[in-house]
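Structural description and commentary
What follows is each chain in one-letter form.
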Amino acid sequence: MPTRIFSLIAAFLLAAMVLRAEQLLPTAPGTSWQYDSKEVFGGPSADRPVESIVTIRAGTQLFEKKEFVKFETFSGDTLTGTELVSVSDGALLREARSGKDGKLAKLDPPPIILPATLKVGDTWDSEDEVLGNQMQQHFAVVAEEPIVVPAGRFRALHLHCEDSSIFAIKLDRWFVPGTGFVKEIAAVRGPTGGLLQRVTRELRKAPELSASPPPTATPASTTPVPQPSAPPATPDANQSPAKKLTVEVSGDPSGGLKTEFKSDAPNIYVRWHGHDLPERATVRVAWVAEDVGDLVDPNFIVDQTESVAPTPDASARFTLGRPPDGWAEGKYRLELYVNDELVETIKVTIAK
């Protein structure tokens, strides 16, 4: 495609699929992650890594008269840490953490775990503790890349930060929307560059529960999602397969159904909910410019994103953000694939 046309797409058409932090990380009570952990220390014990199974479980807890999402970390059956998390303007914040005495201490200001949006090129700053060392963190989403861990193959966002003061600290995390962190490497080196400590965690078992179901829309915005006509009952095995995804497109983050938008609409929200999906199914969503005049060729794929469904009934939501100069008018469609099989198509029109 000519460079001129591509620049027009960037300016007038391309609306990146912005992933929202509170939908990316499952937080329903009972959700759990299991990791293989390997800890290496410098010096004589460097050749004797400490290996363990680490489990993180989600719940809720009241703290200073407010309810927070609680993440408890267990090494084997021993509780080793507790963190309380909140969502503020879309960002996931660590509000409190248990100390060596097991008591929760408030963090002020609360460090950012995940920002309000997450895509390659995003950066953010926070101050937090890594392997017992306080660290001025400058995180960057440096890539989207394939990764293999004991839980399986994933396509993950690679988050990186480092700090060089008295100690050189590096932290790399690989994050999968809808699943959570699938790998983490934290390393601390001394003033001469010698390794002091390195901890590697790799996901062994994905979350056992899906993210919280979508909130119920208010009556004013509730519109039922159209269902396909039921196929005629037949006694043979040629009956149409069951619906794999229910999809909502709306200008309201709480849900509903809307397929016509103004060119100045701030956001278009897309939510899908799975029905008996295959194990670890990959759900891909493509935003296609079907007909926007001479701006691009018909059926041009503007953007697409994919995630692994942690459970057969998993749900996810993403946001299409309005370009600076407004949406290009015309006809669009959303295509949803399960393991590369097209299962749903939603037509969208944008007009003045």
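Residues numbered from 1 in each chain as written. Predicted model: local features only at pLDDT ≥ 70, side-chain atom pairs only at ≥ 80, totals over all residues. Heavy atoms only, no water.

**Overview of the pattern of salt bridges**
- Per the stated rule, a full pass over the model turns up 17 salt bridges.
- Where Glu83 meets Arg94, a salt bridge forms, and the shortest distance between an N and an O atom there is 2.9 Å. With Glu83 in strand 5 (residues 78-88) and Arg94 in strand 6 (residues 91-98), the pair connects residues that are 11 residues apart, well separated along the chain.
- You can call Glu83 partly exposed: its relative accessible area is 23%.
- Among the ionic pairs, Glu344 bridges to Lys243, the shortest N-O distance being 2.7 Å. Placement of Glu344 in strand 23 (residues 341-351) and of Lys243 in the loop between strand 15 (195-205) and strand 16 (245-250) is noted, with a sequence separation of 101 residues between them.
- Exposure remark for Glu344: the relative accessible area of 17% places this residue in the buried category.
- With relative accessibility at 23%, the residue Lys243 sits in the partly exposed group. (Salt bridge = Lys/Arg side-chain N within 4 Å of Asp/Glu carboxyl O. Helix = DSSP H or I, 4+ residues; strand = E, 2+ residues; numbered from the N terminus. Buried < 20%, exposed > 50% of the residue type's maximum accessible area, 1.4 Å probe, protein only.)

**Remarks on the packing of aromatic side chains**
- Summed over all chains, the structure comprises 6 aromatic pairs.
- With a centroid separation of 5.1 Å and 15° between ring planes, the pair formed by Trp124 and Phe139 is classed as stacked. Note that Trp124 is positioned in strand 10 (residues 123-130) and Phe139 in strand 11 (residues 133-149), a separation of 15 residues in sequence.
- Residue classification places Phe139 among the buried residues on the basis of a relative accessible area of 0%.
- Three or more aromatic residues joined by ring pairs make a cluster, and in this case those are Trp287, Trp327 and Tyr332.
- Over the ring of Phe74 we find Arg57; its NZ or CZ atom is 4.6 Å from the centre of that ring.
- Over the face of the ring belonging to Trp174 we find Lys183, whose NZ or CZ atom lies 5.4 Å from the ring centre. (Phe/Tyr/Trp six-rings, centres within 6.5 Å; stacked < 30°, edge-to-face > 60°. Lys NZ or Arg CZ within 6 Å of the ring centre and 35° of its normal.)

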